[in-house]
Amino acid sequence: MIPTRPNISEWALKHRALVLYFMVALGLAGLYAYARLGQNEDPEFTFKVMVVRTMWPGATAREVEQEVTERLEKKLQETPWIDFTRSYSKPGESMIFITLKDFTPPKEVPNAWYQVRKKVADVRSTLPDGVRGPFFNDEFGDTFGNIYAFTTDGYSFAELRDHVENIRRSIVRVPDVGKVAVLGEQAEKIWIEMSHRKLATLGVDPLVIAEVLRERNIMVPAGSFQTRDDQVHVRVSGALKSVESIREIGIRANGRLFRLGDIATVSRGYADPAELLMRFNGEPAMGLAVSLRKGGDIIELGRMLEAEMDRLKADLPVGIEVHKLSDQPTVVKDSIREFMSTLAEAVIIVLAVSFISLGMRTGIVVALSIPLVLAVTFLCMYIFGIDLQRISLGALIIALGLLVDDAIIAVEMMVRKLEEGY
């Protein structure tokens, strides 16, 4: 006896109530999944490059290459999944780029970076004295979709930074927020400017001033004593807490005592040259960049950020303005709207063509296949963790054309066979 293959169509016709139930259940499940799918502009990807940066102030490029770069690079070649390394050595600084193979599984990348840190720790003790670091950076995959600029009229950068930092602490507690970074922050410095002619006249050695400042600015534990009820810590007074306290430091030279403020100009300022400057419409500004957490919904994040920023703006003093530089949720919302518009157009066109050429009953069968298949697709995307983004939406639009074509061909073939007497 020749075994026959199961006929799914025949089974479905014999169990119409069960098939209808599955169609309704899958349609509702697809709608539920669509409402909870993550939405983003681009798919998440794993960046397989890491930077190891080491500082050695005062060393030449040749010394940095021989004493730091070569030692680190030789050890880093033992990293699993490594493809190649690329290094740069310049006076006082070494940079090594570690690139993993393209086929490295994303789940193995964090372990590879852990091995890099462990191997560098093994050779850190062999590096010369005075080396700072190494420092690691493997967070190249972060994308900041929302960026705000803060400008001020009448406030210093230090005062603006305090307000931006308060806003950052509030934003980081918003659901779906991954990271919040402050851009354009200026590091504050205490400047001590001395005239060499004046120091030579008074017989004061600049190295003596540097040594006195270093000794006064050090934090030394002074111990503690224990009472029956409490432990009391002993603190050494004289710490440098303000610009005025630095001016009052005494400098002894040639048997005489000088006040630092009398022989040098002490002032508070910012690092010069600045590491990173930010401008908005030509004005100095500070920025706040917000990224989406993994698996989050960028559109929902945009709504919550908008509400939170409106609340925080009301608490800002007059003279500080907030400007929106980047609004990724709006871009994603437009992409989703474009897809839904394409879907609606496809359904309408298919309905019109099917009803005219195939008749009412056959046209309804073709038209229902589109939303039902999409509902099952959304359910599968939700199960496998695939978000709505540029790539998945493009794939859905392409697949939609194939789906419409296949549905019409299949139903047309059924109608023809029925007309032939099958």
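Along every chain, residues carry numbers that run from 1 in the direction the sequence is written. Given that the model is predicted, a residue must reach a pLDDT of at least 70 before its local features are reported, and side-chain atom pairs must reach 80 or more before they are shown or counted; all residues, however, enter totals for whole chains, interfaces and linings. With hydrogens and water excluded, all non-hydrogen atoms of the structure serve as input to the side-chain values.

Undergrad: Now, about the packing of aromatic side chains: what can you tell me, with residues and values included?
TA: Note on aromatic pairs: each is described by the distance of the centres and the angle between the planes. Here the aromatic set is Phe, Tyr and Trp, taking the six-membered ring for Trp, and pairing holds for ring centres within 6.5 Å; pairs whose planes are under 30 degrees apart are stacked, those over 60 apart are edge-to-face, and all others are tilted. A full pass over the atoms with the stated rule returns five aromatic pairs. Measuring from centroid to centroid gives 5.7 Å for Tyr21 and Phe22, while their planes differ by 55 degrees, and the two rings are tilted. Residue burial is assigned from relative accessible area. The probe radius is 1.4 Å, only protein chains are included, and a residue is buried under 20% of its type maximum, exposed over 50%, and partly exposed in between. A residue is classified by how much of its surface remains accessible, and Tyr21, at 53% relative accessible area, is exposed. For Phe22, a relative accessible area of 43% translates into the label partly exposed. Look at Tyr34 and Phe378: their rings are 5.0 Å apart centre to centre, the planes differ by 40 degrees, and that puts the pair in the tilted class. Taken as a pair, Tyr34 in helix H2 (residues 16-36) and Phe378 in helix H12 (residues 360-384) lie far apart in primary sequence, 344 residues in all. Per the convention used, a helix needs a DSSP run of H or I reaching at least four residues, while a strand needs a run of E reaching at least two, with both numbered from the N terminus.

Undergrad: Can you explain a nonpolar patch on the surface? Please cite residues and give values.
TA: A grouping of Trp11, Leu18, Tyr21, Phe22 and Leu26 is seen on the molecular surface, where their side chains present a nonpolar patch of about 500 Å² in accessible area. Counting residues per element, the nonpolar patch draws most heavily on H2, at four residues. With respect to the helices and strands, the residue Tyr21 is situated in helix H2. Patch definition: residues with relative accessible area over 30% and no salt bridge; like charges joined within 9 Å; nonpolar side chains (Val, Leu, Ile, Met, Phe, Trp, Tyr) joined within 5 Å. All accessibility values rest on the Shrake-Rupley procedure with a 1.4 Å probe; residue burial counts only the protein chains present in the view. We count a salt bridge whenever a side-chain nitrogen from Lys or Arg sits within 4 Å of a carboxyl oxygen from Asp or Glu.

Undergrad: Requested: an account of the pattern of salt bridges, with residues and values cited.
TA: Evaluated as defined, the whole model comprises 18 salt bridges. Note that Lys14 and Glu10 form a salt bridge whose closest N and O atoms lie 3.3 Å from each other. A residue pair is termed a helical-turn pair when its members lie 3 or 4 positions apart in one helix, as Lys14 and Glu10 do in helix H1 (residues 8-14) at four residues. The class for Lys14 is exposed, based on a relative accessible area of 59%. Of the residues examined, Glu10 reaches a relative accessible area of 40% and is grouped as partly exposed. With a shortest N-O distance of 3.9 Å, Glu420 and Lys417 are connected by a salt bridge. Members of the salt-bridge network, linked through shared partners, are Arg53, Lys90 and Glu93.

Undergrad: Outline the sheet that holds strand S1 (residues 49-55), listing residues and values.
TA: Across the sheet, which stays open at both edges, the four strands sit in the order S2-S3-S1-S4 with antiparallel pairing between neighbours. If you trace the sheet from one side to the other, it starts and ends with strand S2 (82-90) and strand S4 (132-137), each paired once. Strand after strand, the sheet turns through a mean of 15 degrees between neighbouring axes, direction not considered. As judged from the four bridges shared by S1 and S4, these two strands associate in the antiparallel manner. Counterpart to Arg53 in the pairing with S4 is Phe135. Should DSSP find at least two bridges between two strands, the strands are regarded as paired. Under this scheme, a helix contributes an axis fitted over its contacting stretch, all axes are lines through C-alpha atoms, and angles between N-to-C directions fall in the 0 to 180 degree range.

Undergrad: Break down unusual backbone geometry for me, with residues and values.
TA: Put simply, Gly133 and Pro134 share a cis peptide bond, and its omega is 0 degrees. Inspection of the secondary structure assignment puts Pro134 in strand S4. Even without being glycine, Asp176 reaches a positive phi, approximately 75 degrees. Residue position: Asp176 is located in the loop between helix H5 (157-171) and strand S6 (177-183). When its relative accessible area of 13% is taken as the criterion, Asp176 is described as buried. Positive phi, normally seen in glycine, also occurs at Asn281, with a value near 55 degrees.

Undergrad: If you had to explain helix H11 (residues 328-358) to someone new, which residues and values would you point to?
TA: By definition here, a helix of n residues has an expected span of 1.5 Å times n minus one. The end-to-end C-alpha distance of H11, which contains 31 residues, comes to 44 Å, matching closely the 45 Å that a straight helix rising 1.5 Å per residue would cover. Of the residues making up H11, those classed as buried are Gln328, Pro329, Val332, Ile336, Phe339, Leu343, Ala346, Val350 and Ser354. In the segment just after H11, Gly359 is the residue with positive phi, at about 105 degrees.

Undergrad: With reference to specific residues and values, describe the pairing of S2.
TA: When S2 meets strand S3 (residues 93-100), the two strands line up antiparallel, connected through eight bridges. Note that in S3 the partner of Ser89 across the bridge is Ser94. Turn length for the S2-S3 hairpin, with the two strands adjacent in sequence and antiparallel, is two residues, and the turn residue Gly92 shows positive phi of about 85 degrees.

Undergrad: Quick rundown of the nonpolar core? Include the residues and the values.
TA: For this analysis, a nonpolar core means a set of buried residues of the types Ala, Val, Leu, Ile, Met, Phe, Trp, Tyr and Cys, connected via side-chain atoms within 4.5 Å. Counting residues in each nonpolar core, the largest one holds 42 residues, and the members touching the most others are Phe150 and Ile171. For this core, the element with the most residues is helix H13 (residues 390-419), which contributes seven residues. The next biggest cluster of nonpolar side chains, apart from the first, holds 20 residues, and it includes Trp56, Ile96, Val116 and Val131.

Undergrad: Go over the side chain of Glu73 with me, naming the residues and quoting the values.
TA: Tracing the backbone through its elements, the reader meets Glu73 in helix H3 (residues 61-76). With no salt bridge to any partner, buried Glu73 finds its closest opposite charge in Arg86, at an N-O distance of 9.0 Å. Here Glu73 is in contact with Thr85, Arg86, Ser87 and Ile96, once residues within four sequence places are set aside. Counted as positive: Lys and Arg. Counted as negative: Asp and Glu. His and the chain ends are not counted at all. A contact between two residues is defined here by any heavy atoms of the two lying within 4.5 Å.

So yeah, pure geometry; function would need other evidence.
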